[in-house]
Structure formats: structure tokens, C-alpha cells
Amino acid sequence: MMKKKSISASKASLVLFLCQMISALDVPLDSKLLEELLQPPTITQQSPKDYIVDPRENIVIQCEAKGKPPPSFSWTRNGTHFDIDKDAQVTMKPNSGTLVINIMNGGKAEAYEGVYQCTARNERGAAISNNIVIRPSRSPLWTKEKLEPNQVREGDSLVLHCRPPVGLPPPIIFWMDNAFQRLPQSERVSQGLNGDLYFSNVQPEDTREDYICYARFNHTQTIQQKQPISVKVFSMDSLNDTIAANLSDTDIYGAKPVTERQPVLLTPTGSTSTKVELRGNVLLLECIAAGLPTPVIRWIKEGGELPANRTFFENFKKTLKIIDVSEADSGNYKCIARNILGSAHHVISVTVKAAPYWITAPRNLVLSPGEDGTLICRANGNPKPNISWLANGVPIAIAPEDPSRKVDGDTIIFSHVQERSSAVYQCNASNEYGYLLANAFVNVLAEPPRILTPANKLYQVIADSPALLDCAYFGSPKPEIEWFKGVKGSILRGSEYVFHDNGTLEIPVAQKDSTGTYTCVARNELGKIQNEVQLEVKDPTMIIKQPEYKVIQRYGQVSFECIIKHDSTLLPTVIWLKDNDELPDDERFLVGKDNLTIMNVTDKDDGTYTCIVNTTLDSVSASAVLTVVAAPPTPAIIYARPNPPFDLELTGQLERSVELSWIPGDENNSPITNFVIEYEDGLHESGVWHYQTEVPGTQTTVQLKLSPYVNYSFRVIAVNEIGRSQPSEPSEQYLTKSANPDENPSNVQGIGSEPDNLVITWESLKGFQSNGPGLQYKVSWRQKDVDDEWTSVIVANVSKYIVSGTPTFVPYEIKVQALNDLGYAPEPSEVIGHSGEDLPMVAPGNVQVHVINSTLAKVHWDPVPLKTVRGHLQGYKVYYWKVQSLSRRSRRHVEKKILTFRGNKTFGMLPGLEPYSSYKLNVRVVNGKGEGPASPDKVFKTPEGVPSSPSFLKITNPTLDSLTLEWGSPTHPNGVLTSYILKFQPINNTHELGPLVEIRIPANESSLILKNLNYSTRYKFYFNAQTSVGSGSQITEEAVTIMDEAGILRPAVGAGKGYSETLFATSPVMHTVRPTFYKVQPLYPRIRNVTTAAAETYANISWEYEGPDHANFYVEYGVAGSKEDWKKEIVNGSRSFFVLKGLTPGTAYKVRVGAEGLSGFRSSEDVFETGPAMASRQVDIATQGWFIGLMCAVALLILILLIVCFIRRNKGGKYPVKEKEDAHADPEIQPMKEDDGTFGEYRLFSFVSSAPF
């Protein structure tokens, strides 16, 4: 069900405009006001006029409206009433006019084609929507046609026609080949606006059999494909050879060579054409030409220029695009196609028409009874649109008469309207290219004045700046506004105030005495209302000691000062900038409270440094330049800070003011710009100087404002462009008379520290705020909402008082008033405090637990009575803990968890629970003192969940065709395990995956032997556990079966396709699927399917060859990514395999195979990686006993032969020795024999060349 929007959200968009008449009303966007005012319906959302829908999905026709009271909705279809109650497939959304037509449950979209219109109606009128034309999208199939091959002579032009099926909306056309690659386009070959593919001239490389036109229907997300088109281009040389082979020597033959041709336009045809486009649309003009060389297209507008900033050229300048066209773009556009032999041109006459567009759309009109007003509806178009009016959806000629209404063409005039004149009027502007429909209501209201500005709103401004006090109002008739200062002040008049039409009072230059309460009064003939706002005028923020120009030697230290004065109620922030950017991120820059210091100055520190002071109301800044020099400057004239002023004198001493005068010191070649006056309070803060004021450098006297009970001393500082002088000597002291305190303590609070007391605290007055001696405080309190008298006590100059014996946690009214020996401060304001809290008395009841899933539960409880909380309700705490796991039945250390829910909530979510476990919980209420008693423990259980991954997966004992898998059960079974799922698949060295095999294993198993695997193949395994809920997360591992011990086998048929096509036998629980491979027609001759089987230091290279017999092959290889020359090995004979030896373990190599005598023909490059160096897994004969014995026997025999030889030599005899071995075997075959049985663990890498996988 649709949720009803909040009133504020639905009403906030109500905008009622001031319509032509002076007396018309403007309704402010105030949510409370809009909620109460009657309003005719307004259409806020509707479907587009031309609405193309997906026939496979439900049809949603939008119609949303607002009004007061909320409007009701009805529909027409094809001009007659549409009764949705009689059609089970059609529903209307609640509180809405939106229709939903159910197509997905048996409805036919075609049955609901038509023109729909929505009407929204309430007691004040009826608004109507546009005519919404519903049409289902269509994406028909391509009609079957027999396409003859295109045979064309080199240099001729060619057009391949697409002719896509007619769809709704029209499809997007593009050309691709069989491999789904877009066909390249250029100035020579390009696609026209109609989808055809144009060749200005064909070349031999255009020969191909897979020119395919595709039509994409975006609305239904389908793509239709035309049958492939074949193009064969005959070159002149091949054509001459063909002719020569078929003619006798005496015949005259020979095709003409490719001849250059001047341009001829392929589209558009003829010399002229016309084009009509609508205003605001995009104009597309196209010219495509044939010719050799390829013509170049140029566009001009006859008698004018192409519009700047709106003209674009596309499709290699064959398409002229002008956006947002207007009537001024009508005219003749000429395209010129030119090459070196000549040119061709075509003129397109463009006419820009226009559907209706608004000049002045009618706007809503709000009037008071007896007022006048007008509705104006003006539109333009080409041709000129016709204007017609409707009232509440009915043509105005047959609508009920209204004596206050008069229709005058595009204007309706209203005179002396009454409340019954309220209605919604529709203006329809139409011509042959479209229409515009606008609703505008006339709402007649009689309302007493209302002030919308919040009461007692506080405005804060800086002295000497403008103050704007709002008084947003509404009433009908329009109220008159008056302003007063104070509750009983006189009406404000005069040039010092500006009164705005929206009720705002402007004080152009607010002063400190402008502070106070201002009252706004609104009145009309139906009533009167007033509202008060507060204005506070703050002292401006000032920099009393600005940063000064500095010249510093390199590697020195410099400091800039920035001392500020600001209003005590504003909090300033100080930012330093260098050359209007942030300070460098350098530890040499030290920012202090009122200064910036740069250590170890370098040349790059040259620049302007700015101190910026910001408050919530104002901002000030001051800058100074730093110049870094190699040596101290030696100017002819020495500029320096001024000398301090002297001879200070006080005259005209009064209670709250005094006049100070002085004599300036020497300027030191730089004029004094201003004087800064500071004061010291010797009575309260002796030795501390405060900023008082400053005056221009031409002034030597100033009238100073003073506070009571302060012992003043003054000093003066002179300032010039170089800097500030030293302070003058202090003036004589002046003690002002005492007076009553002007203010009371701030930040008064009442908070109990114990259940039976109330601690009243405040911030004491400081220094001269006391205005006199004997500062004390009168502390008063009484229990709130009880008819008690105030209890008061006078305390010394402290900041706390404790009231004992109070009831627990009850509200008190509190006030603290300052007084001194001369009297009391003004009456203080009251604050509300509470006596001390105590622990809550009762526990929450009716605790219920709803288990949502295996890891989440929701707990509910009844709130405790507020009287039993005995304090500020902080919230509720839920204690919960796991008792035991239901799968293991084992208890463990109890770890309690706590969740706190703030406020008066009565439910909460418990996340992160463990599945299939037993839990307990209780709930406690919390106040500022602590926790109350716990509710009785509630037991609940979580259901089963999916398990975690198995704790480990090990793959051991690899053989030729088997692997052994061992695993550990999941650490968190989260239920009762039902089985394990094992999936595996082979991987080749390009990380392509083979067919996936799945095995289900009983839950009580912990190992498995996989047999009948392919030898020398890498497999990837995916392993996870299952409960009745589902599968848990998986763990993956990879392993390799070892190579055939009989030696490196020549690859089986199809071995180069990524995986061996030889199937292994399957066990009862294993199934495998032969991979499907796709082959393309081979290019003859060629070498393809280069396959590598790599070990640690060698690799077996094999390939497939298609071509003439007796080819002599060679293998080239090198380190992948290296720029070194390829190494070449000659293959003995015409065999299709070879062993590369002496490779480096763990290294990626590139390899290719070539054939001698075939014009350097070779395969594509392939890449493989040797295995990492590791111990061999096969039996080492050096450790076998028989081998050790044999070697010992051979050694003994050699020793005996040496002894015999030595003896016979000493006797002069000779010992014949065999000097030559038998003839060696073929050097290419011998490494194969030497390597028999010496393969350790290795990786098998298969690559496929020249064929898709």
C-alpha cells in the first residue's frame, strides 16, 4: 500500500503567485498555513503525452494532484468515462489517481492502447491532465530475404542496405562483424542516418563475408540481426590475370586500371530537397558522396552563416547538426563534395515550424471576496496556435455561468469575485504540430490576519550594520502592517526605518540603543494579531594591534601580532594566511593565541601575511608584508615607530564618563594614523591593561564611557605604518562612584547530587561587573506546580548553594539575584531545576523476545511508570548472554553483553547472535543515578544458520590420476551438518576454467581420494559445509596431478585447446562434461595451438601444423617482457614437438614456432612459466641400497684395474683401452631419453593460438 505523504511535504510545493492585479494575494510557503487553507486541485505529476510502454511489464499511468480537501480522481479513455471497477486488471493507487494495469498476470498491453485523461476534483474545482497516448513498444523480427553476394570492382562505390524492421520507438542501427566487433568507419566508409553503410570507393581490404546490420530496440532491450552480407572486391591485377587465363594469345584483353572519378552524391539524390523540423529540436542534414579519391564534405548556409555555438559536424563532416533550432534557422543549406577532379553539391531547403510554446502561461490566482483579477494565456507557434478555455475540465462555453467572469480571447477577467467563483480553469493552445494544456485556479479566500514569524525570534547584528526584522504574514484581504518598539511603545515612523511590503522592518544603521523588543501588528477587516521579536546589537570585532611590515635577514626569526577586541558574547576564531592561501605545512610556522612566529626565515617566506578574525556575525582582517633580505637595508631615510604620547590629562570627570587628552610623540618620518587608548582597573585587576577605544591620528582628545566602582588609569599608544609606539606613562587614577549591579549571574542551574538535596550553581560576576562593594547573591527557590512561597537566602560572593531535605526528583523554580551595598540588580529570570535522583524502583515487565533469524532477535517490554523512574529517564539496558550452543551441548564462560536504548523506547534489536544457541536476557531501566532492578531472565533460542567455512582443506599424495583431500569441520557449525559439497575444475595457464564437477560428501567424512583425474593438470577446488538451512562460505585450494612417469607424452588430440579432451573414467559420485570448443576456418598454411608443458628447468613445446609437407620448423624463445633478442633452436626433422632445456625456475618465457622457407611464417606468441625450484618428488636412486652397492663394486673394480695397470706398466706391458664410444643417438631425441623418469612436480600451461577458446 502506498504511504500517505506528510502534510508538510505534500503542501510545501504549493506556490500561489501574485497575478497581475495589485490586490491579488501571495500565500507564503508555511506548512501550518497551507494545511489549513482551502485550495482547488493542482496536478503535480503525470505521465508524458506520448507514453510508450514495455508490453511485458505492468502499465503505470501517473496522475498525482494536491488540494484542500484532498481531491478525488477519475479517468477517460478515448474520450469516454473509463470505469476501472469493471476491469479486474486495472487498479488505482490509494490516495492517488495513478492507474496500474496488470499485464504480468494475463493482461494484454495491446488491449489498453488509447488516449487517457485524468481529472482531479474537490469542492473548489477540477483540474485535468494532458491527453496521455498509451502505445506498447514493438521490436519485430527482420523479414527474411535472400541476400546475393556483392561483387564490386576496386574503386567503385557501394551501398549496403540495412532496411531494419519498423519498431516503436525506432531502433538504433550499427554494423558489426561475426566477432561482434564494430566495423571501422572513416571518410571513405560510413553509416548514413537511415542505417545504410556507404562506401565512397571500395578497396581490396573491404572483402569480407560478415557485414552484419544490427537493430537495437532500447525500450524492450532486444537486438535484432540481419543476415550477413558478403562483399568481394576484385582488384585490377587479379581481374587481368583471370582474363589472361581464359583468352588466347591473339585475343586483346586487359581490364582498365583503377581510374579516379569526380564526386557524385549517393544521398540525398538530385540537386535539391526539402526538410521540415520543429522549433527546439535537433536538425540533422546529411550528404554522402562517391568518388576517388574520397571526397571531402563542406557545408554552407546560403545568404547567412551557420549558427555559432549550436552547429556541430558529425560522421566525418557528412552530417550537419544544429541543436535547439528556431525559426531563424530556416533557409537553404548547401553541402559540397570535392576531390581533385571536381565537385558536386546539393541544396536542402529547411523550414522550421513550431508546436505551441508559452509566452505567458496562466498562473494561479488568490483573491479576497469583492476583488478583481485576470488570467492570461498567451502562446506562440508556427502556425499561430488556437487558444481555447475550459472551466473545471468543461469547455467554458457550456460551463455553468459565473457573473464575475468574462472571457476576452486569451484573457479571462474577474470582477467582484465571491467564494463561489473558485474554480480551476484550463487553457489549451494547439496547432497541427501539438498542443499545450495548463491548469490555473482562482481561489477566493476570506481569512483573518496570521503572523508566520515565530514569536520572540532573536535577531543579532553588529553595531552600525543593517538589521532586518521579519514579520511574515497572511490574510485575505491583505493585512496592513505596523511596527512598535517595546510592548507599549509608539508606532515606528521616520527615515531611520524602512518598511518592506513583505512586512520586514529594516533598521539601516543599528546602534547599541536599538537593542530591545519590537512588536509587529497585522490587521484587516476580519481581525488583528501581533507578534514580538528581539533585537540584540553586538559590538564589532576589531584588531587593536595589527601585524606590521617586517624586513628580516635570511635565517632570522620574525613575529606578527594580531590582538583583537570583540563582543563578550561572541566567540572569535583567528586564521593566518600567506598570500591569500593556507600557511605552508612547515614546523617553522608557529601560530600562537595572538601572534604568528616564523623560525629560520628563508627566501620563500617572502609575501603578505593576513590575520583573519571571524565570528558568527562579522569578520575583520589585517595584513602585513614580510621582506627577506641578505643584509640589513640601509635606506637614506630611517622610518621608525612613533615615540609614545606624553602629558596625559583627565578633565570633565562624571559618574559614567571622563575626557582624556594627550600630546603626541615624534612621528619618526611616518605619520601617525591612529591612537589606541587602554585602561587599567587598579581596584579589581591591577597591572592588567584592557583595550578601551581608538581615535584617528589627528585627534588628541576623547570622551570615554566609564563603569561604576572602577579605579581607572589610562595610557595611549600611537600607531603609524611602521608599527605601534611604546605605551605612554599612565594617567592619574579616577575612581568612579558605586551603583547597583546592572546584571545578574549567568548559567544558573539546579541539579541534585543526592536524593534529598538540590544544588544551585551559577557563574559569579567578575571584576567591575559588581558596580560596588559588598557583592552578594540572593538565592531563591520554590517547588514547581505547588502553591508555595519563595524561599530565599543571601550568600556571600560564592557560586553554589545546597538546599537539603528535598523530595526525590521534583522540579524547582530557581533564581539568583546580585546585590551590593547600594542595592539589588534587576529582577532575574527563573530557571527550572530538579532535586536529586534515586535509583529506579521497578523493573520493566512483559518482556517478550521475537527471534527474527539465526543472528537477530527483537525484544519488547512494557515501559515502567515514570513516577517509579525517580530521575531523568536515560533509557533501557538489555543484558543478554549465551547459555550454550545447541549443536555442541557444551557450556562455556558466560560473557554478558549490554545494549542501551536511549529514551522511552519499548523495543530493541539484538544483533550478532550465534545461530543454533540458547540465550538469556533481562531488561533494566536507567536514569541519571544508575540502573533499576532487572526483569526476570527470559530464555530464547536461535534457529540453525549456515555454517562457517571448513577449518582447513589439505590436498596431499598427488599421483598421475588422483589427489587426496583432507579437511576439518567448521569452527562454527551453526547447526547440524548435513553434508559437504566439493566442486572442482581444471585451470590452464591463462586462468581459464574447465568444466565444473560437484560431489556431495556425508557430514561424518573428513577425507576423500579423487581418482581418474587427468595427469599433469592443475585443479581448483571449492569446498563448503551444509546445514538444513543452506551452504556456508567456501574454502578454495589448488593442486596439480604429477606427470606421466613414462616421460613427456606428445599431447593428445585437442591438447592445445586449453584442456585435454581425453575424458577420465567417472566414479558413481563424479560427473564430468566434455568442454565445447569453437573452431574458425584455418588460414593455409599456418601453425596453431602452440602448447607448453613446463617443469622447473625445461618445457615441452608442441604445436599443430597445417600446410605443405616437409616443412622445417624452429622454436624461438626469450624471457617475457625482456628486450633481448629471441633465442632460436632448430627442430630436427618435421616433428611437431621440441624440448627447451636449461630454463630458469619460476620465470615467465615467451615462445613462438616458425617454419623455414614459408616467407618467415610463424605462430603467434605464447607465454609460459617454469615451476618454482623444489625438491623432486620421484625416487632418488642415489639413496637406494642396490645402487650404493653397485657403486661400491664399481669403485673396487676400478681400484683393482689401476693396481694391475700399475704393475704391468712397471713390467713394461701395455693395457689396451677402448678409446671411442658407440655412435650417439639423435641429439634431439636423446634429451627425451635422459629425461625419462626425472619429472618432479610441475605446472601445465596450455595456450591456444589463432583460434577462439
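Conventions adopted
Residues numbered from 1 in each chain as written. Predicted model: local features only at pLDDT ≥ 70, side-chain atom pairs only at ≥ 80, totals over all residues. Heavy atoms only, no water. Helix = DSSP H or I, 4+ residues; strand = E, 2+ residues; numbered from the N terminus. Buried < 20%, exposed > 50% of the residue type's maximum accessible area, 1.4 Å probe, protein only. Contact = heavy atoms within 4.5 Å. Areas by Shrake-Rupley, 256 points an atom, 1.4 Å probe, with all protein chains shown as cover. Salt bridge = Lys/Arg side-chain N within 4 Å of Asp/Glu carboxyl O. Disulfide = S-S within 2.5 Å. Patch = residues over 30% accessible without salt bridge, like charges linked within 9 Å, V, L, I, M, F, W, Y side chains within 5 Å. Pairing = 2+ DSSP bridges. Axes fitted to C-alpha atoms, helices over the stretch in contact; angles between N-to-C directions. Polar contact = N/O pair within 3.5 Å; in protein donor to acceptor, adjacent residues only side chain to side chain. Phe/Tyr/Trp six-rings, centres within 6.5 Å; stacked < 30°, edge-to-face > 60°. Core = buried A, V, L, I, M, F, W, Y, C linked by side-chain atoms within 4.5 Å. pLDDT = per-residue confidence, 0-100.

Asker: Sorry if this is basic, but what is going on with the overall build of the chain here?
Answerer: In terms of helices and strands, the chain carries six helices and 93 strands. Buried residues in the chain amount to 42% of all 1253 residues. Expressed as a percentage of contacts within the chain between residues at least 6 apart in sequence, the contacts between residues at least 24 apart total 66%. Put simply, the chain shows about 66,500 Å² of open surface, and 51% of that area lies on carbon and sulfur atoms.

Asker: Even after reading the chapter, I still don't get the pattern of salt bridges, so can you show me in this structure?
Answerer: A side chain with one charge can pair with a side chain of the opposite charge if their charged atoms come near. Counted under the stated rule, the structure contains 36 salt bridges. We note a salt bridge from Asp785 to Lys784, for which the minimum N-O separation is 3.4 Å. A residue is classified by how much of its surface remains accessible, and Lys784, at 28% relative accessible area, is partly exposed. Arg1018 is paired through a salt bridge with Glu1038; the nearest N and O atoms lie 3.3 Å apart. Here Arg1018 is found in strand S84 (residues 1018-1026), whereas its partner Glu1038 is found in strand S85 (residues 1035-1040), with 20 residues between them in sequence. On the basis of relative accessible area, Arg1018 is assigned to the buried category, the value being 19%. For Glu1038, a relative accessible area of 36% corresponds to the partly exposed category.

Asker: I tried to follow the state of the cysteines on my own but got confused; where do I start?
Answerer: A disulfide bridge is the covalent bond that connects two cysteines by way of their sulfur atoms. Under the criterion given, the structure shown has six disulfides. The side chain of Cys287 participates in a disulfide bridge whose partner is Cys335; the two sulfur atoms lie 1.8 Å from each other. Here Cys287 and Cys335 share a disulfide; its torsion about the S-S bond, -70 degrees, makes the bridge left-handed. Within this pair, whereas Cys287 is found in the loop between strand S22 (283-286) and strand S23 (288-292), its partner Cys335 is found in strand S27 (residues 331-339), the two being separated by 48 residues in sequence. Here Cys287 falls in the buried class, since its relative accessible area comes to 0%. On the basis of relative accessible area, Cys335 is assigned to the buried category, the value being 1%. Taken in sequence order, the bonded cysteines of the chain link in the pattern 1-2, 3-4, 5-6, 7-8, 9-10, 11-12.

Asker: Is there a simple way to explain the side chain of Asn974 in this structure?
Answerer: Tracing the backbone shows Asn974 in the loop between strand S80 (963-970) and strand S81 (979-987). Relative accessible area serves as the criterion here: at 16%, Asn974 is assigned to the buried category. In this structure Asn974 touches Pro915, Tyr916, Glu944, Gly945, Val946, Pro947 and Ser948, once residues within four positions along its chain are discounted.

Asker: What is the right way to read a nonpolar patch on the surface from this model?
Answerer: Residues Leu1196, Leu1199, Ile1200, Ile1203, Val1204, Phe1206 and Ile1207 make up a contiguous nonpolar surface patch of about 650 Å² in total accessible area. Take Ile1203: its relative accessible area is 46%, and that puts it in the partly exposed class.

Asker: Would you mind showing me how to read unusual backbone geometry here?
Answerer: Note on backbone geometry: most residues besides glycine have negative phi, and most peptide bonds are trans. Here the residue pair Asn382 and Pro383 is connected by a cis peptide bond, since its omega of 5 degrees sits within 30 degrees of zero. When you line up the elements, Pro383 lands in the loop between strand S31 (378-382) and strand S32 (386-391). The phi dihedral of Tyr709 falls on the positive side, at around 55 degrees, and the residue is not glycine. Inspection of the secondary structure assignment puts Tyr709 in the loop between strand S61 (701-705) and strand S62 (711-720). Assessed through its relative accessible area of 19%, Tyr709 is described here as buried. Not every positive phi belongs to a glycine, and Asn974 is a case in point at roughly 55 degrees.

Asker: How should I be thinking about the sheet that holds strand S72 (residues 845-853) in this particular structure?
Answerer: For sheets, the rule is that strands pair by backbone hydrogen bonds, running either parallel or antiparallel. With antiparallel pairing, three strands are arranged side by side in an open sheet as S72-S73-S76. Both edges of this open sheet fall to S72 and strand S76 (907-910), since each of them pairs with a single strand only. For this sheet the average axis-to-axis angle between neighbouring strands, irrespective of direction, equals 20 degrees. As paired elements, strand S73 (residues 856-862) and S76 share four bridges and run antiparallel to each other. Residue pairing in the sheet places Lys858 in a bridge with Met909 of S76.

Asker: Sorry, what's going on with the side chain of Lys815 here?
Answerer: Along the chain, Lys815 falls in strand S69 (residues 811-820). Under the relative-accessibility criterion, Lys815 is labelled buried at 14%. Within the structure, Lys815 has its side chain in polar contact with the side chain of Glu827 (distance 2.9 Å). Aside from chain neighbours lying at most four places away, what touches Lys815 is Lys778, Val779, Ser780, Trp790, Glu827, Pro828, Ser829 and Glu830.

Asker: What exactly am I supposed to notice about the packing of aromatic side chains here?
Answerer: The relative placement of two aromatic rings is captured by the distance of their centres and the angle of their planes. On inspection of all chains with the given rule, the structure shows 23 aromatic pairs. The interplanar angle of 65 degrees and the centroid separation of 6.0 Å between the aromatic rings of Phe984 and Tyr1019 together place this pair among those described as edge-to-face. With Phe984 in strand S81 and Tyr1019 in strand S84, this pair connects stretches of sequence that are 35 residues apart. Judged by relative accessible area, Phe984 falls into the buried class, the value being 1%.

Asker: Whenever I open this one, the sheet that holds strand S92 (residues 1166-1169) confuses me. Can you help?
Answerer: Strand order in the open sheet formed by four strands is S89-S88-S91-S92, with antiparallel pairing between adjacent strands. The open sheet has two edge strands, strand S89 (1127-1130) and S92, and neither has a second partner. Strand-to-strand twist across the sheet, computed as the mean angle between neighbouring axes with direction ignored, equals 30 degrees. Note that strand S88 (residues 1112-1119) and strand S91 (residues 1148-1156) share eight bridges and pair antiparallel. Bridged to Gly1118 within S91 is Lys1150.

Asker: What is the right way to read the nonpolar core from this model?
Answerer: Soluble globular proteins tend to pack their nonpolar side chains together in the buried interior. Ile59, Ile61, Trp75, Ile101, Tyr116 and Ile134 are the most contacted members of the largest nonpolar core, which has 29 residues in total. Here this core takes three residues from strand S9 (residues 114-122), the largest share from any one element.

Asker: Can you walk me through the environment of Asn380 in this structure?
Answerer: Mapped onto the fold, Asn380 is located in strand S31. You can call Asn380 partly exposed: its relative accessible area is 25%. When the C-alpha atoms of Asn380 and Pro356 are compared, they prove to be 5.5 Å apart, with 24 residues separating the residues in sequence. Setting aside its immediate chain neighbours within four residues, Asn380 contacts Ala355, Pro356, Tyr357, Ile359 and Pro385.

Asker: Is there a simple way to think about the environment of Asn600 in this case?
Answerer: Inspection of the secondary structure puts Asn600 in the loop between strand S54 (595-598) and strand S55 (607-614). Once the C-alpha coordinates of Asn600 and Gly556 are considered, the two residues, 44 residues apart in sequence, prove to be 5.2 Å apart. Non-local contacts of Asn600, meaning those with residues more than four positions away in its chain, are made with Tyr555, Gly556, Arg588 and Asp605.

Asker: Looking at this structure, how should I read the confidence of the model for the chain?
Answerer: Low pLDDT marks regions whose predicted coordinates should not be analysed in detail. Scored by pLDDT, the chain has a mean of 84; 86% of the residues are at 70 or more. Counting interchain partners and residues more than four positions distant, the pLDDT-below-50 stretch residues 1-23 has 45 contacts. Within the model, pLDDT remains below 50 along residues 1175-1179, and this stretch shows nine contacts once partners closer than five positions in the same chain are excluded.

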